[in-house]
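Spelled out from the first residue to the last, the chains are:
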Amino acid sequence: MSALLLSALSLPSPAAEDTGQTLARSAAAPLQGRTIPPLVLTTIDGDALDLGAVRGRKALYLEFWATWCTPCREQMPHLKAVQRSAGHDLQVVAVNIGFDDTPAQVAAYRAEHGLRMPVVRDGDGRLGALFGLRVTPQHVVVGKDGRILHVGHRADSKLDDALASARSQPAVPAGGSVGKVIGTGDDRLRAGDRAPARRLRTLEGFEVALADPTHRRDTVLVFLSPWCESYFAVTRPASARRCRRVRELMVGHGRERRVRWLGIASGLWATQDDLRDYRNAWRVPVPLTLDADGSLFRRFGVRSLPAVVVLGADGRVARRMEGETLDGGALEALPTLEQRAAR
């Protein structure tokens, strides 16, 4: 594993801060100055939070976080301080990214930290996708006119300046109508659904199809992260163990050709270089691709690490394993796909 990756996940450290800022800047580049749609979010208490209704009157501050995230925990006092001073001109929303976090864990975390602002769980990842989520925490400041003013990783003077600037904007006319409701649609692939006809670029620069274009072999899609084994060892030990077992399965069986293998890495806290270092450190023979925008994780409904999705030779979802379903002998049974494919 690369020194950069390990330092980025053994927070706090200057290298980790730099990595977080770099990923946040990559998210910010296409967002700066963009007008967000009027949104309706659902809090973990089941209440509707209509952000479109406050546009024109209030600035908006979204902080994306996870319960397992060390810098998120370190920056919680800043979030609470902003909420205490919010007043009539700022709407603060704490957004749990919904990644390897259950609703119960989010509720317990809110109680532990005494969070008084609305708390939203981004269960399907759509809200994070809207704001280019690449790191935790990720701060987003939106002016009263609905334009994005700031995206960053640090709770620093730049964030405070952006908040002050957003709050100082004059009120503007707004329609106040109910906006786009986030999280109501569901386009996740389920058993029997056909996988998208997408071609992905691997670390080696080759293009590979999600499913076998010759319709002869099953395909094992492994959803992973290069930091899962190391960072989750303390905060999510069960997930870390599953990540190790999945990686061992790829190393042990990835060269066998009667079944196609493809590793899809999350772009959260990870770059192409991190994924390359992961491949080289463990000598993973499976083609690997970085899902930088998270579109494949969302399409397949993967919200925890690791996950395995088996596509049949016909390109349809035949089986999926995630969380506790990876325990027992489920993983070890995957190589028997070769016998089925050979018949």
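Residues numbered from 1 in each chain as written. Predicted model: local features only at pLDDT ≥ 70, side-chain atom pairs only at ≥ 80, totals over all residues. Heavy atoms only, no water.

Participant: What is the right way to read the confidence of the model for the protein chain from this model?
Facilitator: The predicted coordinates should not be examined in detail at positions where pLDDT is low. Chain-level pLDDT for the protein chain is 89 on average; 88% of the residues reach the 70-or-more range. Per-residue pLDDT stays below 50 along residues 1-14; that stretch engages in 29 contacts with residues further than four places along the chain or on separate chains. (pLDDT = per-residue confidence, 0-100. Contact = heavy atoms within 4.5 Å.)

Participant: So what exactly am I meant to see when it comes to helix α8 (residues 237-253) here?
Facilitator: Each α-helix winds once per 3.6 residues, and so residues spaced three or four apart point in a common direction. With 17 residues, α8 should cover 24 Å at 1.5 Å per step; its first-to-last C-alpha distance of 24 Å lies within 8% of that length. Buried within α8 we find Ser 239, Ala 240, Arg 242, Cys 243, Arg 245, Val 246, Arg 247, Leu 249 and Met 250. On the buried face of α8, the contacting elements are β11 (219-224), α7 (228-235), β12 (260-266), α9 (272-282) and β14 (307-311). (Helix = DSSP H or I, 4+ residues; strand = E, 2+ residues; numbered from the N terminus. Expected span 1.5 Å × (residues − 1). Buried < 20%, exposed > 50% of the residue type's maximum accessible area, 1.4 Å probe, protein only.)

Participant: Could you clarify how one ought to interpret the sheet that holds strand β4 (residues 90-96) in this entry?
Facilitator: Remark on secondary structure: sheet strands pair via backbone hydrogen bonds, oriented parallel or antiparallel. A sheet is described by the order of its strands in space; here 5 strands give the open sequence β5-β4-β3-β6-β7, paired in mixed fashion. Only two strands of the sheet have a single partner each, and these edge strands are β5 (119-121) and β7 (148-152). Ignoring which end each strand starts from, the neighbouring axes of this sheet average 20° apart. As judged from the 3 bridges shared by β4 and β5, these two strands associate in the parallel manner. Bridged to Val 95 within β5 is Val 120. With respect to the sheet, helix α3 (residues 70-84) is in contact with β3 (59-65), β4 and β6 (138-142), its orientation differing from that of β3 by roughly 160°. Relative to β6, helix α6 (residues 157-168) is tilted by about 20°, and along the sheet it contacts β3, β4, β6 and β7. (Pairing = 2+ DSSP bridges. Axes fitted to C-alpha atoms, helices over the stretch in contact; angles between N-to-C directions.)

Participant: Honestly, the packing of aromatic side chains in this entry has me stumped. Any pointers?
Facilitator: Remark: the centre distance and the inter-plane angle together describe each pair of aromatic rings, the angle taken between the planes. Following the criterion strictly, the structure yields 10 aromatic pairs and no others. Measuring from centroid to centroid gives 5.5 Å for Trp 68 and Trp 227, while their planes differ by 35°, and the two rings are tilted. Here Trp 227 lies in the loop between β11 and α7 and Trp 68 lies in the loop between β3 and α3, a separation of 159 residues in the sequence. For Trp 68, a relative accessible area of 2% corresponds to the buried category. (Phe/Tyr/Trp six-rings, centres within 6.5 Å; stacked < 30°, edge-to-face > 60°.)

Participant: Is there a simple way to explain the pairing of β7 in this structure?
Facilitator: Looking down a regular strand, the side chains alternate between one sheet face and the other. Burial analysis of β7 places 4 of its 5 residues in the buried class, the great majority of the element. Judged from the 4 bridges that link them, β6 and β7 form a sheet pairing that is antiparallel. If you follow Val 142 over to β7, its bridge partner there is Ile 148. Where β6 folds back on β7, the antiparallel hairpin that results is connected by 5 residues, among which Gly 146 adopts a positive phi of roughly 90°.

Participant: What's the story with the nonpolar core in this structure? I'm lost.
Facilitator: Soluble globular proteins tend to bury their nonpolar side chains together. Membership of the largest hydrophobic core comes to 76 residues, with the highest contact counts inside it found for Trp 68, Phe 223 and Phe 300. With 6 residues, β3 is the largest single contributor of residues to this core. Excluding its chain neighbours within four sequence positions, the residues that come into contact with Phe 300 are Leu 189, Ala 195, Pro 196, Leu 210, Leu 221, Phe 223, Val 309, Leu 311, Val 317 and Arg 320. Among the nonpolar cores identified, the runner-up in size contains 24 residues, and Val 222, Val 284, Val 310 and Leu 326 belong to it. (Core = buried A, V, L, I, M, F, W, Y, C linked by side-chain atoms within 4.5 Å.)

Participant: Could you clarify how one ought to interpret the pattern of salt bridges in this entry?
Facilitator: A side chain of one charge can pair with a side chain of the opposite charge if their charged atoms are brought near each other. Counting across every chain of the model gives 17 salt bridges. Across the pair Asp 100 and Arg 236 runs a salt bridge, and its minimum N-O distance is 3.6 Å. With Asp 100 in the loop between β4 and α4 (103-113) and Arg 236 in the loop between α7 and α8, this pair connects stretches of sequence that are 136 residues apart. For Asp 100, a relative accessible area of 9% corresponds to the buried category. Here Arg 236 falls in the buried class, since its relative accessible area comes to 13%. Residue Arg 276 is joined to Asp 273 by a salt bridge in which the shortest nitrogen-to-oxygen separation is 3.1 Å. Highlighted residues: Arg 276 and Asp 273, both in helix α9, separated by 3 residues, approximately one helical turn. Connected through shared salt-bridge partners, Asp 100, Asp 101 and Arg 236 make up one network. (Salt bridge = Lys/Arg side-chain N within 4 Å of Asp/Glu carboxyl O.)

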